[in-house]
Amino acid sequence: MATYPRAVTRLIEAFRKLPGVGPKSAQRYAVHVLRASMDDARELADAILEVKTSIKPCKRCGNYTDTDLCSVCADPRRDPRSLCVVSYVRDLMAIERAGEFRGQYHVLGGVLSPADGIGPEDLTVGALIERVRDEHVTEVILATSPSVEGDATALYLARLLGAVPELEVTRLASGLPAGADLDYADQTTIAAALSGRRRLE
Amino acid sequence: MRERVLRTITLLRRDLGEADRLAVLLSREEGKVLASAKSSRKPNSRLAALIEPFVLADCRIIEGRGEIQRLAGGEVVEPFRGIRSDIERVARASLMAEIADQGTEPGSAAPRLFALLLDCLRLLAEGAAGPSIELYYLLHSSRLLGYGLSLDHCASCGGDLAGGELAMVPEVGGLACPACYTVAAGRWVDALSLERVRAYRHSRLRVALEIPLSNGQRKVWLDGLRAHVRYHMDVSLRSLDVLRSLER
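Definitions and limits used
Residues numbered from 1 in each chain as written. Chains lettered and ligands numbered in written order. Predicted model: local features only at pLDDT ≥ 70, side-chain atom pairs only at ≥ 80, totals over all residues. Heavy atoms only, no water. Helix = DSSP H or I, 4+ residues; strand = E, 2+ residues; numbered from the N terminus. Rg over C-alpha atoms; globule rule 2.2 N^0.38 Å. Buried < 20%, exposed > 50% of the residue type's maximum accessible area, 1.4 Å probe, protein only. Contact = heavy atoms within 4.5 Å. Areas by Shrake-Rupley, 256 points an atom, 1.4 Å probe, with all protein chains shown as cover. Lys, Arg positive; Asp, Glu negative; His and termini not counted. Charge placed at Lys NZ, Arg CZ, Asp CG, Glu CD. Arc of directions from axis to C-beta. Domains from an automatic or database assignment. Buried area = accessible area lost by both parts, 1.4 Å probe. Salt bridge = Lys/Arg side-chain N within 4 Å of Asp/Glu carboxyl O. Polar contact = N/O pair within 3.5 Å; in protein donor to acceptor, adjacent residues only side chain to side chain. Phe/Tyr/Trp six-rings, centres within 6.5 Å; stacked < 30°, edge-to-face > 60°. Lys NZ or Arg CZ within 6 Å of the ring centre and 35° of its normal. Expected span 1.5 Å × (residues − 1). Patch = residues over 30% accessible without salt bridge, like charges linked within 9 Å, V, L, I, M, F, W, Y side chains within 5 Å. Pairing = 2+ DSSP bridges. Axes fitted to C-alpha atoms, helices over the stretch in contact; angles between N-to-C directions.

1. Some details on the overall build of chain B
Argument step 1. Summing up its helical and strand segments, chain B has 7 helices and 7 strands in all.
Argument step 2. The globule rule puts the C-alpha radius of gyration for 248 residues at 18 Å, and the 19 Å found for chain B is close to it.
Argument step 3. For the C-alpha atoms alone, the extent of chain B along its principal axes is close to 60 × 35 × 30 Å.
Argument step 4. For chain B, buried positions account for 52% of its 248 residues.
Argument step 5. The contacts of chain B with a sequence gap of at least 6 include a subset with a gap of at least 24, amounting to 61%.
Argument step 6. Accessible surface computed for chain B: about 10900 Å², of which carbon and sulfur atoms make up 48%.
Argument step 7. One way to put it: in chain B the 35 positive side-chain charges average out to a point 4 Å from where the 31 negative ones average out.

As structure tokens, then:
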């Protein structure tokens, strides 16, 4: 039975380690690289090496950066008194895409998840409390996902932050997605939307 | 493809591919069920709420080719939102779900374990005493899963457990009399708390929570039962490590 040469098998195995990539997709990507021009293949290899050698977590917030401070922390127009706490950098990017928030961020590095063995000491909780105290933050927005783990993390942080005087702690609203039909929403989402209802102004 | 509606409790869920999830469900009729929930990580998914951990739901399941079935829809029966209001409750519920997951196989009915887990989750969500609920769950689930703690006879010599400083020894299967094993002060079980935990064994959960146990004795029993469960399941229980760190 014919098999791929060793170098191709190695590339397929490397692609298989990526999240959501199964054996068929890995094979397709490897064949694509084989067919690509030398310039495109080198560009891909260089991009992977560059991201591994130059990117590090921002010293202040944990966002990805190639300098000491990320572009958000280094931006003097951002309000340092308003801090949005997110689980992952991808959540920070999602909020930035919305273009509504002009404060700064703190990346926890995950959510509290006992089922996965993740407790408070595995997240940047201590650094968050230190930041809130040292940088005179006046509002913390807890922007974890509205899941069991996200809610529990938010409530855990809210309790810790409750000890900081003159600090407002808020949570992202949760409920119906924009453009959705009420009729199609599940009862948990409708219950969350009802309990989080607000006065029309 | 066979389709049926099962009443399920979500034990855990894992991300699968770009936007899907794999849910481990416990049902009364079919025991553990593995089901994929397509696009359930997207915000407008109707499946996402059904497979949130600890949710009780009526799930429409379509049989797949292998062990993994497909979640096609359903209704949430009880979301037990009270659990997520406290990280210790989440950790305790996760421990109970993890034990049910590790101790069951797909296709084997588990009506008593299902009923036990449901009772415990309901009371956890209501805010009842977490440590006592955990003690009750560990005591009863270990019996249902085939490695119940011996409360009447010394697990080592078989003699009656009459009293004295009784040691919890997971390696021999439960409590041992002072003649067989001795343990340090603060780690042994006294006759009064043994009587009370025996009553736990024969009581419904709400009644058991009324049985008085001092904090010190509850801790001795919980530590012993956790060690007993961990020893007999022979797996590391990740949620137990987090629960312990939260208790410190």
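2. Quick look at helix α1 (residues 6-16) of chain A
Residues and elements named next belong to chain A.
Argument step 1. Among all positions of α1, only Val8, Ile12 and Phe15 are buried. Relative to the axis of α1, the buried residues are bounded by an arc of 65° and lie together on one face. In α1, those exposed residues whose orientation departs by more than 90 degrees from the buried face are Arg6, Ala7 and Arg10.
Argument step 2. Summarising the contacts, the buried residues of α1 are in contact with α2 (23-35).

3. Side note on the domain arrangement of chain A
Argument step 1. Domain boundaries assigned for chain A yield domain 1 (6-54) and domain 2 (79-195).
Argument step 2. Spacing between the C-alpha centres of domain 1 of chain A and domain 2 of chain A amounts to 35 Å.

4. Quick look at the side chain of Ser239 of chain B
Argument step 1. You can see Ser239 of chain B is positioned in helix α7 (residues 238-247).
Argument step 2. Contacts of Ser239 of chain B, omitting those with residues within four sequence positions, involve Pro114 and Ala115 of chain A together with Ala91, Ser94, Leu95 and Glu98 of chain B.

5. Looking at the interface of chain A and chain B
One frequent convention defines the size of an interface as the accessible area lost when the parts assemble.
Argument step 1. The interface of chain A with chain B comprises 25 residues on the first partner and 27 residues on the second.
Argument step 2. Taken together, both faces of the contact between chain A and chain B bury some 2200 Å²; the carbon and sulfur share is 58%.
Argument step 3. Counting across the chain A and chain B interface gives 4 salt bridges.
Argument step 4. Taking the shortest distance from any N to any O, the salt bridge between Asp86 of chain B and Arg159 of chain A comes out at 3.1 Å.
Argument step 5. Scanning the region where chain A abuts chain B turns up 8 residue pairs in polar contact (both at pLDDT 80 or more).

6. Things to note about the packing of aromatic side chains
Aromatic ring pairs are described here by two measures, namely the spacing of the ring centres and the angle between the planes.
Argument step 1. Per the counting criterion, the structure on display carries 3 aromatic pairs over all chains.
Argument step 2. Here the aromatic rings of Tyr136 of chain B and Tyr200 of chain B are separated by 6.2 Å at their centres, their planes lie at 50°, and the arrangement is tilted. One end of the pair, Tyr136 of chain B, is in helix α3 (residues 130-144); the other, Tyr200 of chain B, is in helix α4 (residues 191-202), with 64 residues separating them in the sequence. In this pair, the class of Tyr136 of chain B matches that of Tyr200 of chain B, namely buried.
Argument step 3. Geometry around Tyr88 of chain A places Arg90 of chain A over its ring, the cationic atom sitting 4.3 Å from the centre.

7. Considerations on α3 of chain B
Residue and element names in this part refer to chain B.
Argument step 1. Between its first and last C-alpha atoms α3 spans 21 Å; for 15 residues at 1.5 Å apiece the expected length is 21 Å, and the two agree.
Argument step 2. Elements that come into contact with the buried residues of α3 comprise α1 (87-103), α2 (111-126), α4, α5 (205-208), α6 (215-233) and α7.
Argument step 3. Once α3 ends, the next one or two residues include Gly146, with phi positive near 95°.

8. Description of the environment of Pro114 of chain A
Argument step 1. On the secondary structure map, Pro114 of chain A appears in the loop between β4 (103-107) and α5 (125-134).
Argument step 2. Classification of Pro114 of chain A as buried rests on a relative accessible area of 1%.
Argument step 3. As for Pro114 of chain A and Ile141 of chain A, which are separated by 27 residues in sequence, their C-alpha atoms are 23 Å apart.
Argument step 4. Sequence-distant contacts of Pro114 of chain A, that is, excluding residues within four places in its chain, are made with Ile87, Val90, Ala91, Ser94, Arg238, Ser239 and Val242 of chain B.

9. Some words on a negative patch on the surface
Residue and element names in this part refer to chain A.
Argument step 1. Side chains of Asp39, Asp40, Glu43, Asp46, Glu50 and Asp66 sit close together on the surface and give a patch of like negative charge.
Argument step 2. With respect to the helices and strands, Asp39 occurs in helix α3 (residues 38-54).
Argument step 3. For Asp39, a relative accessible area of 58% puts it in the exposed group.

10. A word on the domain arrangement of chain B
Residue and element names in this part refer to chain B.
Argument step 1. For chain B, the assigned domains read domain 1 (3-79) and domain 2 (85-247).
Argument step 2. Listed per partner, the contact involves 18 residues of domain 1 and 21 residues of domain 2.
Argument step 3. For the pair domain 1 and domain 2, the interface holds 2 salt bridges.
Argument step 4. A salt bridge links Asp101 to Lys32; the shortest N-O distance between them is 2.9 Å.

11. With respect to the sheet that holds strand β2 (residues 20-27) of chain B
To summarise the sheet geometry, strands pair through backbone hydrogen bonds and adopt either a parallel or an antiparallel arrangement.
All names here are of chain B.
Argument step 1. Read once around its circumference, the closed barrel built from 5 strands follows the order β1-β2-β3-β5-β4, with strand pairing classed as mixed. Taken over all neighbouring pairs, the strand axes of this sheet differ in orientation by 50° on average, direction set aside.
Argument step 2. Pairing analysis gives 8 bridges linking strand β1 (residues 3-16) to β2, with the strands arranged antiparallel. From the neighbouring strand, Leu12 faces β2, where its bridge partner is Val24.
Argument step 3. In this fold α1 packs onto β1, β2 and β3 (31-37), with an angle of close to 110° to the strand it touches most, β1.
Argument step 4. The sheet contacts of α2 involve β1, β2, β4 (56-62) and β5 (68-78), and relative to β1 the element is tilted by about 65°.

12. A closer look at the pattern of salt bridges
Argument step 1. Evaluation of the coordinates by the stated rule reveals 34 salt bridges over all chains.
Argument step 2. Across the pair Lys59 of chain A and Asp68 of chain A runs a salt bridge whose closest N-O atoms are separated by 3.7 Å.
Argument step 3. Residue Asp68 of chain A is classed as partly exposed on the basis of its relative accessible area of 41%.
Argument step 4. Salt-bridge contacts for Arg131 of chain A lead to Glu135 of chain A; the nearest nitrogen and oxygen are separated by 3.4 Å.
Argument step 5. Exposure remark for Arg131 of chain A: the relative accessible area of 5% places this residue in the buried category.
Argument step 6. The class for Glu135 of chain A is partly exposed, based on a relative accessible area of 26%.
Argument step 7. Taken together, the shared-partner salt bridges connect Glu149, Asp151 and Arg171 of chain A together with Arg13, Glu52 and Arg84 of chain B into one network.

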